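Residue-level structure breakdown
Residues per chain, in single letters:
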Amino acid sequence: MNQPSKNSSSGQSSDSGAGSGNGAGASHRTGRAPAGLPAITVDARAVEARAARFTRRSIKNEAKRAALAAAMSMVDLTTLEGMDTPGKVERLCRKALQPGLDPRLPRVAAVCVYPTFVAHARQVLEGSDVRVAAVATAFPSGQSFLDVRLDETRRTVDAGAHEIDMVIDRGAFLAGDHARVFDEIAATKEACGAAHLKVILETGELSTYDNVRTASDLAMRAGADFIKTSTGKIAPASTMPVCLVMAEAIRDHYRATGVQVGLKAAGGIRTSKQAWHYLVLIKETLGDAWLTPDWFRIGASSLVNDLLLQWERLDTGRYQSAVYFSND
Amino acid sequence: MSTNHNGSAGQSSDREPVRKTYKLYVGGAFVRSESGYALRQNDVNGAFFANCAKASRKDLRDAIGAARTAFGGWSTRSAFNRSQILFRLAEMIEGRRATFVELLGSLCGRDRAAAEREVSTVIDRVFWYAGWCDKFTQILGGVNPIASPYNNFTVAEPTGVVVLLAPRSAGLIGLVTALLPALAAGNACVLVADDDLPVIALELGEALATSDVPAGAVNVLSGTTSELLPHAADHMDVNAIGSFGRGADDERELGQRAASNIKRVAVFAARSHDEWCDASAQSPYFVERFVEWKTSWHPVGV
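Conventions adopted
- Residues numbered from 1 in each chain as written.
- Chains lettered and ligands numbered in written order.
- Predicted model: local features only at pLDDT ≥ 70, side-chain atom pairs only at ≥ 80, totals over all residues.
- Heavy atoms only, no water.
- UniProt positions renumbered as here; feature names shortened; annotations may be inferred.
- Helix = DSSP H or I, 4+ residues; strand = E, 2+ residues; numbered from the N terminus.
- Rg over C-alpha atoms; globule rule 2.2 N^0.38 Å.
- Buried < 20%, exposed > 50% of the residue type's maximum accessible area, 1.4 Å probe, protein only.
- Contact = heavy atoms within 4.5 Å.
- Areas by Shrake-Rupley, 256 points an atom, 1.4 Å probe, with all protein chains shown as cover.
- Core = buried A, V, L, I, M, F, W, Y, C linked by side-chain atoms within 4.5 Å.
- Pairing = 2+ DSSP bridges.
- Right-handed = clockwise from strand over helix to strand, strands pointing away.
- Buried area = accessible area lost by both parts, 1.4 Å probe.
- Salt bridge = Lys/Arg side-chain N within 4 Å of Asp/Glu carboxyl O.
- Polar contact = N/O pair within 3.5 Å; in protein donor to acceptor, adjacent residues only side chain to side chain.

Named according to an unreviewed UniProt entry, chain B is NAD/NADP-dependent betaine aldehyde dehydrogenase originating from Rohdeia mirabilis.

The name recorded for chain A in an unreviewed UniProt entry is Deoxyribose-phosphate aldolase, from Rohdeia mirabilis. Checking UniProt for chain A, the heading Sequence similarities (unreviewed entry) contains the comment "Belongs to the DeoC/FbaB aldolase family. DeoC type 2 subfamily." Recorded in UniProt for chain A, the comment headed Pathway (unreviewed entry) runs: "Carbohydrate degradation; 2-deoxy-D-ribose 1-phosphate degradation; D-glyceraldehyde 3-phosphate and acetaldehyde from 2-deoxy-alpha-D-ribose 1-phosphate: step 2/2."

A count of helical and extended segments in chain B gives 11 helices and 12 strands. In summary, chain B has a C-alpha radius of gyration of 20 Å against a globular reference of 19 Å for 302 residues, a match within 12%. Counting only C-alpha atoms, chain B reaches 85 × 35 × 30 Å along its principal axes. Expressed as a percentage of the 302 residues in chain B, the buried residues total 51%. A fraction of 77% describes how many contacts in chain B between residues 6 or more apart in sequence connect residues 24 or more apart.

Helix and strand counts for chain A come out as 12 helices and eight strands. Evaluated residue by residue, chain A yields a buried proportion of 54% over its 328 residues. Partitioning the intrachain contacts of chain A with sequence separation of at least 6 by distance along the chain shows that 74% fall at a separation of at least 24. Just so you have it, chain A exposes about 13400 Å², and 51% of that area is on carbon and sulfur atoms.

What follows is about the nonpolar core. By size, the foremost hydrophobic cluster in this structure holds 94 residues, and its most contacted members are B:I93, B:V163, B:L164, B:L175, B:L179, B:V190 and B:L208. Sorting elements by how many residues they give to this core places helix 6 (residues 171-184) of chain B first, with 10 residues. Every residue in contact with B:L164, bar those within four places of it in the chain, is listed here: B:A178, B:L179, B:A182, B:C189, B:V190, B:L191, B:V192, B:G242, B:F244 and B:F290. Core analysis: the next-biggest nonpolar cluster, separate from the first, contains 87 residues, A:F54, A:L125, A:I168 and A:V261 among them.

All names here are of chain A. Both faces of strand 1 (residues 75-78) are covered, namely the face carrying V75 and L77 and the face carrying D76 and T78. Here three bridges tie strand 1 to strand 8 (residues 296-300), and the two strands are oriented parallel to one another. Looking across to strand 8, one finds that D76 is bridged to G299. Of the strand pairs in this sheet, strand 1 and strand 2 (residues 110-113) are connected by three bridges, and their pairing is parallel. Bridged to D76 within strand 2 is A110. Read from strand 1 through helix 4 (residues 86-97) to strand 2, the crossover connection turns out right-handed.

To continue, consider the sheet that holds strand 12 (residues 291-299) of chain B. All names here are of chain B. Taken together, three strands build an open sheet; the order of strands is 5-6-12 and the sheet is antiparallel. Edge positions in the sheet fall to strand 5 (142-143) and strand 12, since each of these pairs with one other strand and no more. In this sheet, strand 12 lies alongside strand 6 (residues 150-158) in antiparallel orientation, the contact comprising nine bridges. Each residue of the ladder has a partner; that of A156, found in strand 12, is W293.

Below, the discussion takes up the interface of chain B and chain A. Interface size is often expressed as the accessible area that is lost when the parts come together. Facing nine residues of chain B, the contacting portion of chain A comprises seven residues. Buried surface at the junction of chain B and chain A, both sides included, amounts to about 840 Å², of which 52% is carbon and sulfur. Among the residues chain B hides against chain A, the three largest losses belong to B:R57, B:R61 and B:M236. Together they make up 52% of the total. At the junction of chain B with chain A, the criterion picks out one salt bridge. Ionic pairing is found between A:R318 and B:D234, a salt bridge with its closest N-O pair at 4.0 Å. Applying the counting criterion to the chain B and chain A interface returns two residue pairs in polar contact (both at pLDDT 80 or more). In terms of residue count, helix 1 (residues 57-76) of chain B provides more of the side of chain B that touches chain A than any other element does, three residues in total.

Spelled out as structure tokens, the structure:
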């Protein structure tokens, strides 16, 4: 496995002024965390300043095309609506297989649906390597009985899901019952069997960067294959500073244990520009080893159309209109 | 004019004047150009008057994006409400009468009486189009006679996002004459003022911002129109372009590039300043240039 990039925020003191995760902050252990979990104080100002810098990289036209293709290949094309139907899911799967007419465009990484649509999605995607991810564990609130959530997970995996997106019990986490959150993640991981587990922290409800860092550490130690920012049902969803905190947690976890954990940014990423800001963040925090669909995902629906719009604009030189692209 | 609008008159000579830099009006906010370029506005004697933001291709794209976002809300308001809002715009220009009169004097060299006349004509023209908002559909649309058991209606609907290339050197009246027909029809507009009189256009942006015109329904850019024209004509999310007195070369280029997404191109011939002020420069048939026709068949006599 490749080493994570050395070019990360704590290593770039000339750039960002201060490291945000394991720099100065790492030495402040508050002792609030449960057994063996170091509580890391995140320097909020430094994180925000550092995250803002990722948005100011100049990206030239040739690099833009590569960035658009990379972003497309990392999308978890998502529909999580009460009004979803098999028809809607099928349309989404067709779009996942061939987002646009240009054969140079990659397919997306996965589709993300509710458990009841997993079998149908698998059928449509038969023969392709597009993964099927499903949200389980009483998404989006996570407020149900543990055995119900575990049963839902097992049944979703049985239905054919390659990846399970679980939510943590934010109520328990915020009440300080970290042990319970840890145990529930571990139990869900066990219920997943061979399926990959993505743990949704729902950072919009965690209030502070310290909490985001603690929840990230907790989820990784409990066996998460991916940590994911948001359900997309709460504002704010994914933000750059939050992703940076999570990426630094992943980097530190990798350095400490040698275990690579993936990151999924979900919710609120609608434009190509935002997508490549995230790519820059991953590149400069975790390095090239994470810049693949196996280790970085963007959960989105409308983003794909904007990627297509910008792709077309690179080809024609004309600014495009959303009316010429399928609306889904 | 002995006084400078930008405020040095009447001040003791050791005071450094605080000069106003005029900004673009995009999506309801006043923005500097993304490019960082500026236009220098001189007064009629060639002396420096003010700096204005110079719109780039990206500013144009942002303005078109803002117009697209605003279009739904603006076009689906009741026609009567659009009428009220345009009337409010007339009120806001009236409230800035002294400023506009002074600008027309300093920048265009109009004497006071002529400047007052122009501003009055402008206000009357805005008011006139405000009145047309809920009337042009009756005049232009209709019930069609057909020989089968249906009611058949043809109604006018706004075209969408419209870029208006305002006439050069035509003062405030040129801007308003270019903007109002498309706006009254319910289109979301990007008004592009050429680089000869940017201050007057951006001052109009300030009047628009304080009227009740929703953010993004009108965006005002000042820049070199000939630079922005190809990008506006190429943009696939622009539905119509109004070209006012641009000349044959620009009109040919517009026509060719607009073919990309079959934009409507409404060309208005050049006029003298007096002719822009004349009543012949306003008409419900100018509104017609920025609408689409929808014909619906409805069964009757079942």
